[in-house]
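# Structural characterization, general
These are the residues of each chain, in order.
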Amino acid sequence: TARMAYMLLIVEPVGQRAERGVEAGQALYDRMLGFTGELKQAGVLLASSSLATAAARLRREAGAPLLTDGPFTESKEMIGGFFLIDVPTRAAALQWAERCPAASWATVEIRETGPCFT
């Protein structure tokens, strides 16, 4: 069976981490580490990481690089982390997303990887 990589993006409300505090945040992080272990044990995990709240954006304007450091006031959400998984179907990716603990406090966005021209 051919397999396909899917990205599970953890989309969090901005400020949620600070509101919950360190102790509650550590408890949630421990749940996420448990989920990471499940993905590894199933042999579907390609990569995963939490992402810091600090960010920068780079684009070109009139051919010159333009760098903007965050936080970005227009943003209501941020990508808090990701799991890159290798599964045979979209349905399998959705099943893993449903098992992700972050679905209790954030949105888990599921994206199939592939060429950007399709």
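Values in this document were obtained by computation on a predicted structure and should not be read as measured data.

## Brief notes about the overall build of the protein chain
Secondary structure assignment for the protein chain yields two helices and six strands. Overall, the protein chain shows an N-to-C arrangement of helices and strands of β-α-β-β-β-β-α-β. Projected onto the principal axes, the alpha-carbon positions of the protein chain cover approximately 45 × 45 × 20 Å. Within the span of the protein chain, comprising 118 residues, buried residues form 29% of the whole. Counted over contacts in the protein chain with a minimum sequence separation of 6, partners at least 24 positions apart contribute 78%. Split by element, the accessible area of the protein chain, about 7,900 Å² in all, is 55% carbon and sulfur. Both charge centroids of the protein chain, one from 12 positive and one from 13 negative side chains, sit 3 Å from each other.

## A closer look at the nonpolar core
Core analysis: the biggest nonpolar cluster contains 21 residues, and Ile10, Leu39, Phe83, Ile85, Val87, Trp96 and Cys100 have the highest contact counts within it. Elements that contribute at least two residues to this core include exactly β1 (4-13), α1 (16-41), β5 (77-87) and α2 (90-99). Beyond its immediate sequence surroundings of up to four residues, tryptophan 96 is in contact with Leu8, Phe35, Glu38, Leu39, Ala42, Val44, Ile85 and Val87.

## A short note on α2
If you check which residues of α2 are buried, you get Ala92, Ala93, Trp96 and Ala97. Buried residues of α2, seen end-on, are gathered within an arc of 145° and therefore sit on one face of the element. Summarising the geometry of α2, the exposed residues directed more than 90 degrees from the buried face are Gln95 and Glu98. Lining the buried residues of α2 we find β1, α1, β5 and β6 (107-112).

## Section: the side chain of threonine 36
As for its position among the elements, threonine 36 is in helix α1. Relative accessible area serves as the criterion here: at 11%, threonine 36 is assigned to the buried category.

## Thoughts on the confidence of the model for the protein chain
Overall, the prediction assigns the protein chain a mean pLDDT of 91, with 97% of residues at 70 or greater. Element-level pLDDT for the protein chain is lowest in strand β4 (residues 64-69), with a mean of 90, against a maximum mean of 97 in α2.

## Some points on the pattern of salt bridges
A side chain of one charge can pair with a side chain of the opposite charge if their charged atoms are brought near each other. Tallied over the full model, the rule gives four salt bridges. With its nearest N and O atoms 2.6 Å apart, the salt bridge here joins glutamate 38 to arginine 99. On the criterion of sequence distance, the pair formed by glutamate 38 in helix α1 and arginine 99 in helix α2 is long-range, its members being 61 residues apart. Overall, arginine 99 belongs to the partly exposed group, its relative accessible area being 48%.

The rules behind these values
Residues numbered from 1 in each chain as written. Predicted model: local features only at pLDDT ≥ 70, side-chain atom pairs only at ≥ 80, totals over all residues. Heavy atoms only, no water. Helix = DSSP H or I, 4+ residues; strand = E, 2+ residues; numbered from the N terminus. Buried < 20%, exposed > 50% of the residue type's maximum accessible area, 1.4 Å probe, protein only. Contact = heavy atoms within 4.5 Å. Areas by Shrake-Rupley, 256 points an atom, 1.4 Å probe, with all protein chains shown as cover. Lys, Arg positive; Asp, Glu negative; His and termini not counted. Charge placed at Lys NZ, Arg CZ, Asp CG, Glu CD. Core = buried A, V, L, I, M, F, W, Y, C linked by side-chain atoms within 4.5 Å. Arc of directions from axis to C-beta. pLDDT = per-residue confidence, 0-100. Salt bridge = Lys/Arg side-chain N within 4 Å of Asp/Glu carboxyl O.

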